[in-house]
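A structural walkthrough
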Amino acid sequence: MIGTHVSHEERGPFFLLAFLLFAFTFMLQSNEVAATSGLISQVGVDNILWVWAGGMLSVLLTSTAYSLIVDRFQRSQLIVAAAFLGALAYGLVWLLFTVNAPPLLSFLVYYVVIVQHMALLPLALWTFGNDAFAVGESRRLFPLLAVISIVGGMTGNFVAAGLALANLAGPSPTLLINVALGLLLGLVLPAWFRLEGIRSRQARDNEHVIDTLREGIGFLRDVPAFRFLGLIIIAISGGYTTIEYVFLSDLQASFSDPDSLQAFYGLFKVATLVAIVLMQAFATKYIARIEFKGVFAVMPATLLLAVGSALVLPGLWPVVVGNFLSRVVLQRVELPARKSFQGLVPDERRGRVSAFLDGVLYPFGAIVGTAVVGGSLALASAGVISLSQARSLYLLIAGVTMAFALWAVLSFSRSYDSSMLNWRPSAKAQSWRYLQEAGPVRNAGCFWGIREEERR
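Residues numbered from 1 in each chain as written. Predicted model: local features only at pLDDT ≥ 70, side-chain atom pairs only at ≥ 80, totals over all residues. Heavy atoms only, no water.

Another point: the nonpolar core. L20 and Y110 are the most contacted members of the largest nonpolar core, which totals 114 residues. The biggest single contributor to this core is helix α1 (residues 11-42), with 16 residues. With 7 residues, the next largest nonpolar core counts M154, V270, A275 and V328 among its residues. (Core = buried A, V, L, I, M, F, W, Y, C linked by side-chain atoms within 4.5 Å. Buried < 20%, exposed > 50% of the residue type's maximum accessible area, 1.4 Å probe, protein only. Helix = DSSP H or I, 4+ residues; strand = E, 2+ residues; numbered from the N terminus.)

A few words now on helix α11 (residues 298-312). Look at α11: 21 Å from first C-alpha to last across 15 residues, which is about the 21 Å you get at 1.5 Å a residue. Listing the buried residues of α11 in full gives M299, P300, T302, L303, A306, V307, S309 and A310. (Expected span 1.5 Å × (residues − 1).)

Of the voids in this model, the second largest pocket is the one considered here, and its volume is about 390 Å³. Looking at the second largest pocket, it is lined by 18 residues, and the ones nearest its centre are D46, L49, Y245, G374 and L377. Counting residues per element, the ones that place at least two in the lining of the second largest pocket are α2 (48-72), α8 (224-254), α13 (347-381) and α14 (387-421). Among the residues forming the lining of the second largest pocket, the class breakdown is 9 nonpolar, 6 polar and 3 charged. (1 Å grid on protein atoms, 1.4 Å probe; cavity = no way out; pocket = protein on both sides within 12 Å on 5 of 7 lines; lining within 4 Å. Points joined across faces, edges and corners; volume = space filled by probe spheres on them. Nonpolar A, V, L, I, M, F, W, Y, C, P; charged D, E, K, R; others polar.)

Looking at where S30 falls in the secondary structure, it is placed in helix α1. Judged by relative accessible area, which is 1%, S30 ranks as buried. If we skip the residues at most four places from it in the chain, S30 touches G156, A160, T174 and N178. (Contact = heavy atoms within 4.5 Å.)

With respect to the element layout, R391 can be found in helix α14. What makes R391 partly exposed here is its relative accessible area of 22%. If near-sequence neighbours (up to four positions away) are discounted, R391 is found in contact with V246, D250, A310 and V319.

Moving on, we get to the pattern of salt bridges. It is possible for side chains of opposite charge to pair when their charged atoms get near one another. Tallying each qualifying case throughout the model produces 4 salt bridges. With a shortest N-O distance of 2.6 Å, K269 and E32 are connected by a salt bridge. In this pair, K269 sits in helix α9 (residues 258-282) while E32 sits in helix α1, placing the two residues 237 residues apart along the sequence. In terms of burial, K269 and E32 fall into one category: buried. In this structure, R391 engages D250 in a salt bridge whose closest nitrogen and oxygen atoms are separated by 3.2 Å. (Salt bridge = Lys/Arg side-chain N within 4 Å of Asp/Glu carboxyl O.)

Bringing unusual backbone geometry into the picture now. Phi at N100 is positive, roughly 60°, even though this residue is not glycine. With respect to the element layout, N100 can be found in the loop between α3 (75-98) and α4 (103-132). Positive phi, normally seen in glycine, also occurs at N167, with a value near 60°. Examined against the element boundaries, N167 turns out to sit in the loop between α5 (135-165) and α6 (171-196).

Geometry of a packed helix pair, given as the angle between the helix axes and the separation of the axes. Where α8 contacts α9, the two axes come as close as 11 Å, and the packing angle between them is 140°. Contact residues: E244, F247, L248 and L251 in α8; L261, F264, Y265 and F268 in α9. For the contact of α8 with α9, a count of residues per class yields 7 nonpolar, no polar and 1 charged. (Axes fitted to C-alpha atoms, helices over the stretch in contact; angles between N-to-C directions.)

All right, on to helix α12 (residues 316-342) then. Every α-helix carries 3.6 residues per turn, so stepping three or four residues along brings you back to the same face. If you check α12, its first and last C-alpha atoms are 37 Å apart, about what 27 residues at 1.5 Å a residue would give, namely 39 Å. Remark: the principal bend of α12, roughly 45°, maps to L330. (Bend = angle between axes of the 7 residues up to and from the residue.)

Our focus in this paragraph is a nonpolar patch on the surface. Together, F84, L183, L184, L187 and V188 line one region of the surface with nonpolar side chains, adding up to about 460 Å² of accessible area. The leading source of residues in the nonpolar patch is α6, at 4 residues. If you trace the backbone, L183 turns up in helix α6. (Patch = residues over 30% accessible without salt bridge, like charges linked within 9 Å, V, L, I, M, F, W, Y side chains within 5 Å. Areas by Shrake-Rupley, 256 points an atom, 1.4 Å probe, with all protein chains shown as cover.)

Below, the discussion takes up the packing of aromatic side chains. All chains considered together, the criterion is met by 14 aromatic pairs. With a centroid separation of 6.3 Å and 70° between ring planes, the pair formed by F264 and W317 is classed as edge-to-face. On the criterion of sequence distance, the pair formed by F264 in helix α9 and W317 in helix α12 is long-range, its members being 53 residues apart. We classify W317 as exposed; its relative accessible area is 54%. Among the aromatic residues, those joined into a ring-pair cluster are F247, Y265, F268 and F324. One Lys or Arg, R227, reaches over the ring of F228 and ends 5.9 Å from the middle of that ring. (Phe/Tyr/Trp six-rings, centres within 6.5 Å; stacked < 30°, edge-to-face > 60°. Lys NZ or Arg CZ within 6 Å of the ring centre and 35° of its normal.)

So yeah, pure geometry; function would need other evidence.
In structure tokens, the structure reads:
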């Protein structure tokens, strides 16, 4: 039982954060199923590249603003605002579908709303978790909270699949459910936040977007480990975008009925989340044995396997299995490792640094991936190569990209120790003051590189 792992003092903020993660993940996952399957059925998979590029570009343009917001305002205020704004935005998207706006426009707006919600909510929710719990508490409680978040996503996928099985496939039913959920959250949460009374460390009010960009670029420039991590993130994003396109393209070719497509996609995502929970239950101790410096190699290696399978094995199922494994590893191995590494940044800067890595570099990699796939398809449309050759071309480019990512992982591993031990003196002093304010930290593997003798 989860409650047996949570002390009496921790239960209030724990169950609040658990409720938030369940509800918002339900909202995001159910909308993602409806948007993706509807887009494939009504617009076609070829146009999904434009939708992806538009969505990622919107994240790229707004991520620095989010990075300022997440550290400048109380996280509770942001979460309540996200609930109300989500309800409003999904309601406007529902109106687009109701008035029969052009499908490409409607789905583009739908996807942009989803990715903006996905960009802001993790920043606000998990940073709120870091405000509520000390480092030792978060290491113990966050895996439990991650499972609850997965259950919320699983429920959302089940609902989307169930609507399709009831011949209610399409965005409108899912949108109405989530408008009601967003309004309910916006009305209930303020009182709950006041009851818990959790406050966060805030950044200076005179910081601007350019300061955020400088801070993110400064991390990559001055710290070798972060520099190579940035390259890994870009490469993984581009490779994952490619294998995702192949997966959806093959789904469109295999399912002509919109209800069947949405039901299969929703159940596929449920199976993915079940696998993540099983890994959490049975494989955590084995994953923990992987040295932290090498854990970032797991995702590029998985994507390389998925790309190779799609390239040499015929049929839908090799692509389904490759995409399945990529999603599981991304959620259970790569993302937790990345967040753990980012967690070593002082909390008044963590939101901006995380936003730069996840909100600038990751969408940039996705845009590059869509450009590679789109360019290959453009060559096929011009008659330069065939469609099968275009598929082989962008898969080969993805494979080379994953090989580059593995090289970046090796470089990250070689630079890891020096990054820990060699940091700017001013940053050392600043981060040691942060550690003193945060309380005793033992064996934290401080990213800022303060040796024991320097602490004394």
